[in-house]
Amino acid sequence: MVEAKIDTDKKIFFTLVLFLIVFGIGRAYAYFSANSNTNTETVTTATYDLKVENDAILRADDIVPIKASDVTTKATELPFTITNTSDGVIIADINLTGITMSKGLDDINFKWALYSDGTKITEDSFYNATNKVIKDDIVTIDNIVLTNNVEIDTTKDYKLYIWIEDNDEPQNTLQGSNFEGKITVNAIQK
């Protein structure tokens with residue numbers, strides 16, 4: 001009986017050793033066959049050229065309240081064009097950066113809207129910006145994302161409007177204020 005148990009233990013041991021040898025040889029073969037390429041490999045990244053036409057700086061002085069229905073006719077407007085001169089489609093994020101404005105404009109009724117080809121893309125209030133710094137009578141905002149992940153294959157025209165929305169209440173503290181911001185575009189090729 002003891003001799004039979006030793007024979008069984010030897011068989012298990014030799015089977016395990018044989019399995020480990022076969023496994024090791026198979027793994028080594030797989031590794032070296034996958035990594036044995038000695039050819040020089042070249043990686044090419046995409047390139048694109050993007051132009052933002054017009055000044056892309058929005059300045060507004062003496063802003064007065066207007067009705068929401070009058071935004072496209074009476075609000076301060078910044079038309080700009082983004083032209084993709086590369087071979088492929090680009091994905092762009094359009095931002096309003098370097099914003100400085102009078103402290104009185106830090107109000108829910110001071111708004112912006114981005115339009116393309118006469119269609120509103122986004123709208124919000126400057127009051128909702130999360131990265132505001134208020135010092136003395138000036139409010140600065142680093143960045144507001146106007147829209148992101150926009151596909152541009154050739155040329156797209158945009159208009160950015162800013163206005164004080166008339167809420168039928170006294171808004172004298174908002175009037176006569178100043179605003180400045182710049183359009184920036186970050187893009188990658190699709």
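Data block above holds the structure.
Residues numbered from 1 in each chain as written. Predicted model: local features only at pLDDT ≥ 70, side-chain atom pairs only at ≥ 80, totals over all residues. Heavy atoms only, no water.

1. Concerning the overall build of the protein
- Broken down by element type, the protein carries two helices and 11 strands.
- Ordered by position from N to C terminus, the α and β elements of the protein give α-β-β-β-α-β-β-β-β-β-β-β-β.
- Taken over 190 residues, the protein has a buried fraction of 32%.
- For the protein, restricting intrachain contacts to residue pairs at least 6 apart in sequence, the fraction spanning at least 24 positions comes to 81%.
- Accessible surface, the protein: about 12400 Å² in total, of which carbon and sulfur atoms supply 52%. (Helix = DSSP H or I, 4+ residues; strand = E, 2+ residues; numbered from the N terminus. Buried < 20%, exposed > 50% of the residue type's maximum accessible area, 1.4 Å probe, protein only. Contact = heavy atoms within 4.5 Å. Areas by Shrake-Rupley, 256 points an atom, 1.4 Å probe, with all protein chains shown as cover.)

2. As for the packing of aromatic side chains
- Scanning all chains against the criterion turns up five aromatic pairs.
- Taking 5.4 Å as the distance between ring centres and 20° as the angle between the ring planes, the aromatic pair formed by Phe-80 and Tyr-158 counts as stacked. Placement of the pair is Phe-80 in strand 4 (residues 76-84) and Tyr-158 in strand 10 (residues 155-165), with a sequence separation of 78 residues.
- The exposure class assigned to Phe-80 is buried, which follows from its relative accessible area of 1%.
- When its relative accessible area of 2% is taken as the criterion, Tyr-158 is described as buried.
- The rings of Phe-110, Phe-126 and Phe-179 are connected pair by pair, giving a single aromatic cluster.
- The ring centre of Tyr-127 lies 4.6 Å from the NZ or CZ of Lys-132, which sits over that ring. (Phe/Tyr/Trp six-rings, centres within 6.5 Å; stacked < 30°, edge-to-face > 60°. Lys NZ or Arg CZ within 6 Å of the ring centre and 35° of its normal.)

3. Points about the sheet that holds strand 8 (residues 132-135)
- If you walk across this open sheet you meet the five strands as 2-11-5-9-8, and the pairing is antiparallel. Strands at the two margins of the open sheet, each flanked by one partner only, are strand 2 (57-61) and strand 8. Taking the axes of each pair of neighbouring strands and ignoring which way they run, one obtains an average angle of 20° across the sheet.
- Where strand 5 (residues 90-102) meets strand 9 (residues 138-152), 11 bridges bridge the pair, whose relative direction is antiparallel. (Pairing = 2+ DSSP bridges. Axes fitted to C-alpha atoms, helices over the stretch in contact; angles between N-to-C directions.)

4. Quick look at the pattern of salt bridges
- Inspection of every chain in the model, using the stated rule, returns seven salt bridges.
- The salt bridge partner of Asp-168 is Lys-67, with a shortest N-O separation of 2.5 Å. Placement of the pair is Asp-168 in the loop between strand 10 and strand 11 (178-189) and Lys-67 in the loop between strand 3 (65-66) and helix 2 (71-74), with a sequence separation of 101 residues.
- Assessed through its relative accessible area of 63%, Asp-168 is described here as exposed.
- Note on Lys-67: relative accessible area 32%, which makes it partly exposed.
- The residue Glu-77 makes a salt bridge to Lys-159 at a minimum N-O spacing of 3.8 Å. In this pair, Glu-77 sits in strand 4 while Lys-159 sits in strand 10, placing the two residues 82 residues apart along the sequence.
- Relative accessible area serves as the criterion here: at 35%, Glu-77 is assigned to the partly exposed category.
- One network of salt bridges, in which partners are shared, links Lys-67, Asp-166 and Asp-168. (Salt bridge = Lys/Arg side-chain N within 4 Å of Asp/Glu carboxyl O.)

5. Re the environment of Asn-143
- Along the chain, Asn-143 turns up in strand 9.
- The class of Asn-143 is partly exposed, set by a relative accessible area of 30%.
- Residues Asn-143 and Thr-130, spaced 13 residues apart in sequence, show a C-alpha to C-alpha distance of 9.0 Å.
- Discounting residues that sit within four places of it in the chain, Asn-143 has contacts with Asn-95, Leu-96, Thr-97 and Asn-131.

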